[in-house]
Amino acid sequence: VQFVESGGELVQPGGSLRLSCAASGFTFSNYDMNWYRQAPGKEREWVGRISRAGGATEYADSVKGRFTISRDNAKNTVYLQMNSLKAEDTAVYYCNSDPGTAVWKYWGQGTQVTVSS
C-alpha cells in the first residue's frame, strides 16, 4: 500500500492550490478517502472525506466552502482543490482512508502547503 501526495507549495493568502494523492497496492474504489493535515506543533486534523464512488463529500467546518475533494477511480487518485487559502491552512497534507480500515496504518510523506505573503 502506498500513498504519494503532491502539489503543495508556497502560495499567497487568497490563492489556490490543487493537491493530488496517488494510491496503489489496494482496491482504491472500495474505500472512502480522506484528506488530513498537520501543522507544526499540532495534532493531525481531518480536512474532508469523499465516498467510494465520489458521490458524497464532507468537510471540516474550517475548510467548508473553500476546499473541494474529488477522485478519479480509474487513476487511483484523490484530489483536494483549495481556494481562498489562509495562513492557518499551512500544514503538511496527507490522504488516507478511514481509521480502522486495512490501509489506515500506511501513510505517505505528505505534501507541504505554506500560505504566506
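Below is a summary of the structure that appears in this document. (Residues numbered from 1 in each chain as written. Predicted model: local features only at pLDDT ≥ 70, side-chain atom pairs only at ≥ 80, totals over all residues. Heavy atoms only, no water.)

1. Let's talk about the pairing of strand 9 (residues 91-96)
Remark: a regular strand shows side chains that alternate across the two faces of the sheet. Most of strand 9 sits inside the fold, with 6 of its 6 residues counted as buried. By the bridge criterion, 5 bridges tie strand 4 (residues 33-38) to strand 9 in an arrangement that is antiparallel. Across the sheet, Gln38 pairs through a bridge with Val92, a residue of strand 9. Pairing of strand 9 with strand 10 (residues 111-115), which is carried by 3 bridges, proceeds in the antiparallel orientation. Following the sheet pairing, Ala91 is matched in strand 10 by Val113. (Buried < 20%, exposed > 50% of the residue type's maximum accessible area, 1.4 Å probe, protein only. Helix = DSSP H or I, 4+ residues; strand = E, 2+ residues; numbered from the N terminus. Pairing = 2+ DSSP bridges.)

2. Description of the environment of Tyr93
Looking at the element boundaries, Tyr93 is found in strand 9. The buried category is assigned to Tyr93, whose relative accessible area is 0%. For the pair Tyr93 and Tyr59, spaced 34 residues apart in the sequence, the C-alpha separation amounts to 14 Å. Filtering out sequence-adjacent residues up to four positions away, Tyr93 remains in contact with Glu5, Leu19, Trp35, Tyr36, Arg37, Val47, Phe67, Leu80, Met82, Gly110, Thr111 and Val113. One polar contact links the side chain of Tyr93 to the main-chain carbonyl oxygen of Asp89, over a distance of 2.6 Å. (Contact = heavy atoms within 4.5 Å. Polar contact = N/O pair within 3.5 Å; in protein donor to acceptor, adjacent residues only side chain to side chain.)

3. What about the nonpolar core?
One finds Trp35, Val78, Leu80, Met82 and Tyr93 to be the most contacted residues of the largest nonpolar core, which totals 29 residues. Those elements that provide at least two residues to this core are strand 3 (17-24), strand 4, strand 5 (45-50), strand 7 (67-72), strand 8 (77-82), strand 9 and strand 10. It is strand 3 that contributes the most residues to this core, 4 residues altogether. If we ignore the near neighbours within four places in the chain, the residues touching Val78 are Leu19, Ser20, Cys21, Phe28, Met33, Trp35, Ile50, Ile69, Ser70, Arg71 and Cys95. (Core = buried A, V, L, I, M, F, W, Y, C linked by side-chain atoms within 4.5 Å.)

4. As for the pattern of salt bridges
Summed over all chains, the structure comprises 7 salt bridges. Two residues, Asp98 and Arg49, come together in a salt bridge whose shortest N-O distance is 3.1 Å. Separated by 49 residues along the polypeptide, Asp98 in the loop between strand 9 and strand 10 and Arg49 in strand 5 bring together distant segments of the chain. Asp98 gets classed as buried once you look at its relative accessible area, which sits at 18%. Ionic pairing is found between Asp61 and Lys64, a salt bridge with its closest N-O pair at 3.1 Å. Note on Asp61: relative accessible area 67%, which makes it exposed. (Salt bridge = Lys/Arg side-chain N within 4 Å of Asp/Glu carboxyl O.)

5. Things to note about the state of the cysteines
A full pass over the atoms with the stated rule returns 1 disulfide. Covalently, Cys21 is tied to Cys95 through a disulfide, its sulfur atoms 1.7 Å apart. In this pair, Cys21 is assigned in strand 3 and Cys95 in strand 9, connecting sequence segments 74 residues apart. Each member of the pair Cys21 and Cys95 is classed as buried. (Disulfide = S-S within 2.5 Å.)

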